[in-house]
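Chain residues, written in single-letter form:
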Amino acid sequence: MLARSVPPQTILPRDESRTPSATMRWLSVTDFRCYTQARLNLDGRPVVLTGENGAGKTNLLEALSFLAPGRGLRWARLSEVTRIGAPAQTWAVAAGLDAPHIPGAPMRISTGLLPASESGHTAERRTVRIDGSAQSSSAALAQLLAVSWLTPDMDRLFAEGASGRRQFFDRLTLGFDTGHGARLNAYERARQERSRLLRDEMTGRRADPAWLDALEAAMAEHGVAIAASRCETLQRLVQALEAHSGPFPHALLALDGLLEDMLADTPAVDVEDRYRAVLAAARQRDKEAGRALEGPHRSDLLVWHGETRMPAGDCSTGQQKALLISIVLANARILAHAGATPLLLLDEVVAHLDARRRAALYDAISDLGAQTWMTGTDRALFDAMGTRAQYFTVTDGAVADAAG
Ligand SMILES: Nc1ncnc2c1ncn2[C@@H]1O[C@H](COP(=O)(O)OP(=O)(O)OP(=O)(O)O)[C@@H](O)[C@H]1O
Ligand SMILES: [Mg+2]
């Protein structure tokens, strides 16, 4: 029953468009949050950032999270992360990726905010460059790095509404399917335009039925692809979680969503037709609600504690954290095994764990072959990591090497 949304299909081979595994050799941030300029030279070991509250640890992880499509781990607007007092309304994050087996390596990837005058756009727009050449969108980054994170804000992930869990799961899905983000955007554009037309109808302006049909067809096409990709991610994670036992609880996962449910026993083309029919039949109801009430934008990730069978929302704070760790580690294991480059950002995660689980997390990270960044206020929390990590001290927006 728990895995009812897993369609009966075999796991697809990994996304062949992705560039194989690479190592981050340096990171540089300019006019980003509290940083005027900082550069970290990296030796490939997991990174530990320690410093007092407000020193700038999370800001560095946020800078790293912009090396993926999307709005970063704080879901910020682009101008919001510009350092207050910066001479221009711009910021930049750059990193060097070394991948000896890839022609052209080492490569330099960078992203940031250009002044509107230079970008040629009136709206804020993020620039992405790979080895100096401008990319048309941030989706190109997903081919190089699969970035996921756990932050203190996510402590309430299981207590709050579905959107946080959906975003969390979509980010994991993006790690396997680099086109997932573009399809989510395309679905969202069609959904918002349909909602706008339906709201206009409430004010007496009649919408062109052919335009509504076209928008619903686009929602159905992208929606089914989104749901199918989520189902594949679920299947991968379920298998990886089952194959691995350790000190972190076995997370049982399922997806709860109209299309994800339908895909369990119906071919994708038929699901697309059915969803289009659902949307067409729901125009009056959606008009009154002002938005589409059914679709992949409402899907939820359900999680249970495998040993106690408790829904994650009823587990203790530490158990919930351990479940999330279990999921992101499984995800990073699959990606690393497939030769991709997972980048795992664990903000204040270890503070919640007892000494045994902390030690187990460090062992798991060391075995992972993923690039992991951890933060904490207290260096002693990382004693069990020993020389397996590279340490930096963060003080008032400055980063310094600290002995390992
Ligand atoms: N746009 C900005 N410009 C300048 N400073 C900023 C900007 N945005 C946030 N800050 C400041 O950056 C500082 C560091 O924040 P950050 O969240 O990285 O701290 P932290 O080391 O993670 O602290 P904690 O241990 O409390 O989580 C804060 O004092 C915050 O006010
Ligand atoms: Mg912080």
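Residues numbered from 1 in each chain as written. Chains lettered and ligands numbered in written order. Predicted model: local features only at pLDDT ≥ 70, side-chain atom pairs only at ≥ 80, totals over all residues.

K.L.:
Explanation requested: the overall build of the protein in the structure shown.
P.N.:
Counting its secondary structure elements, the protein contains 11 helices and 14 strands. Along the three orthogonal principal directions, the C-alpha set of the protein runs to about 65 × 55 × 40 Å. Burial analysis of the protein (404 residues in total) assigns 44% to the buried set. (Helix = DSSP H or I, 4+ residues; strand = E, 2+ residues; numbered from the N terminus. Buried ≥ 20, exposed ≤ 12 C-beta atoms within 10 Å, placed from the backbone.)

K.L.:
Is there a simple way to explain the pairing of strand β2 (residues 35-41) in this structure?
P.N.:
Looking along a regular strand, one sees the side chains alternate between the two faces of the sheet. Pairing geometry for strand β1 (residues 23-32) and β2, over 6 bridges, is antiparallel. Directly across from L27, in β2, lies its bridge partner L40. Between β1 and the antiparallel strand that follows it, β2, lie 2 residues; R33 among them carries a positive phi value of about 50 degrees. (Pairing = 2+ DSSP bridges.)

K.L.:
What is the right way to look at the packing of helix α5 (residues 180-202) against helix α6 (residues 209-243) in this model?
P.N.:
Helix packing for two helices is described by the angle between their axes and how far apart those axes are. Look at α5 against α6: their axes get within 9 Å of each other, and the N-to-C directions meet at 150 degrees. You can see that α5 and α6 cross each other, and the crossing is left-handed. Of the residues in α6, those touching α5 at H180, R183, L184, A186, Y187, A190, R191, E193, R194 and L197 are W211, L212, L215, E216, A218, M219, H222, G223, A225, I226 and S229. Grouping the amino acids of the contact of α5 with α6 by side-chain chemistry returns 12 nonpolar, 4 polar and 5 charged. (Axes fitted to C-alpha atoms, helices over the stretch in contact; angles between N-to-C directions. Left-handed = near helix turned anticlockwise from the far one by under 90°. Contact = placed C-beta atoms within 7 Å. Nonpolar A, V, L, I, M, F, W, Y, C, P; charged D, E, K, R; others polar.)

K.L.:
I'm lost on the sheet that holds strand β14 (residues 398-402) in this one. Help?
P.N.:
By definition, the strands of a sheet pair up through backbone hydrogen bonds, in either a parallel or an antiparallel sense. Taking strand neighbours across the sheet as the criterion, the 6 strands line up as β8-β11-β12-β3-β13-β14 in an open arrangement whose pairing is mixed. Strands at the two margins of the open sheet, each flanked by one partner only, are β8 (146-150) and β14. Strand after strand, the sheet turns through a mean of 20 degrees between neighbouring axes, direction not considered. Across 5 bridges, the pairing between β8 and strand β11 (residues 342-346) is parallel. Each bridged residue has a counterpart across the sheet, and for S148 the counterpart in β11 is L344.

K.L.:
Help me out: how do you make sense of the site of ligand 1 in this one?
P.N.:
Ligand 1 sits among 16 residues. The nearest are C34, N53, K57, T58 and N59. Top element by residues in the shell around ligand 1 is helix α1 (residues 57-65). It accounts for 3 residues. Looking at side-chain class alone, the shell around ligand 1 contains 5 nonpolar, 8 polar and 3 charged residues. (Near = placed C-beta within 6 Å.)

K.L.:
What is the right way to look at the nonpolar core in this model?
P.N.:
A general tendency of soluble globular proteins is for nonpolar side chains to be buried together. Of all hydrophobic cores here, the largest spans 106 residues; its most connected members are L64, L67, V147, V303, I325 and L345. Broken down by element, the residue count for this core peaks at 12 residues, all from α6. Not counting the four nearest positions on each side in its chain, V147 is found in contact with L64, S65, L67, A68, L343 and L345. (Core = buried A, V, L, I, M, F, W, Y, C linked by C-beta atoms within 7 Å.)

K.L.:
I tried to follow helix α4 (residues 162-176) on my own but got confused; where do I start?
P.N.:
What sets the pattern is the α-helix's 3.6 residues per turn: residues three or four places apart point alike. For α4, with 15 residues, the first-to-last C-alpha span of 21 Å sits near the 21 Å given by 1.5 Å per residue. Every buried residue of α4 is listed here: R165, R166, F169, D170, R171, L172, T173, L174, G175 and F176. (Expected span 1.5 Å × (residues − 1).)

K.L.:
What am I meant to see in the sheet that holds strand β5 (residues 107-113) here?
P.N.:
Judged by pairing direction, the sheet is antiparallel, and its 6 strands sit side by side in the order β2-β1-β4-β5-β6-β7 without closing on themselves. Strands at the two margins of the open sheet, each flanked by one partner only, are β2 and β7 (133-134). Taken strand by strand, α1 contacts β1, β2 and β4 (91-98), and its axis lies near 110 degrees from that of β1.

K.L.:
Can you help me understand α5 in this one?
P.N.:
Helix length check: α5, at 23 residues, gives a terminal C-alpha distance of 33 Å against a target of 33 Å (1.5 Å per residue), a fit within 8%. In this fold, the buried residues of α5 make contact with α3 (139-142), α4, α6 and α9 (283-289).

K.L.:
I tried to follow the pairing of β1 on my own but got confused; where do I start?
P.N.:
Across 7 bridges, the pairing between β1 and β4 is antiparallel. Its bridge partner being in β4, T23 is matched across the sheet by D98.

K.L.:
I would appreciate a short explanation of the packing of helix α10 (residues 317-337) against helix α11 (residues 355-368) in the present structure.
P.N.:
Here α10 crosses α11 at 15 degrees, and the two axes come no closer than 10 Å. Considering their axes alone, α10 and α11 lie roughly parallel with respect to each other. In this structure, α10 meets α11 at a crossing whose hand is left-handed. Contact with α10, carried on its side by A322, I325, L329, A332, R333 and A336, involves R357, L361, A364 and L368 of α11 and no other residues of that element. Across the contact of α10 with α11, the residue classes break down as 8 nonpolar, no polar and 2 charged. (Parallel < 35°, antiparallel > 145°, perpendicular 65-115°, else oblique.)

K.L.:
Would you explain the environment of D396 in this entry?
P.N.:
In this structure, D396 sits in the loop between β13 (390-395) and β14. In this structure, the C-alpha to C-alpha distance between D396 and A243, residues 153 residues apart in sequence, is 43 Å.

K.L.:
Would you mind going over unusual backbone geometry with me for this structure?
P.N.:
Most peptide bonds are trans, and most residues other than glycine sit at a negative phi. The backbone of R33 sits at a positive phi, close to 50 degrees, despite the residue not being glycine. Here R33 shows up in the loop between β1 and β2. Located in the positive-phi region is W75, a residue other than glycine, with phi close to 60 degrees. Note that W75 resides in the loop between α1 and β4. Classification of W75 as partly exposed rests on a count of 13 C-beta atoms within 10 Å.

K.L.:
Which parts of the structure should I look at to understand the environment of A340?
P.N.:
Note that A340 resides in the loop between α10 and β11. A tally of 25 C-beta atoms within 10 Å means that A340 is categorised as buried. For the pair A340 and E124, spaced 216 residues apart in sequence, the C-alpha to C-alpha distance is 30 Å.

K.L.:
Please explain the confidence of the model for the protein as it appears in this structure.
P.N.:
Regions with low pLDDT should not have their predicted coordinates read in detail. Mean pLDDT over the protein works out to 91, with 92% of the residues at or above the 70 mark. Overall, residues 1-16 carries pLDDT values under 50, and its contacts beyond four positions in sequence, including any with other chains, amount to 32 contacts. (pLDDT = per-residue confidence, 0-100.)

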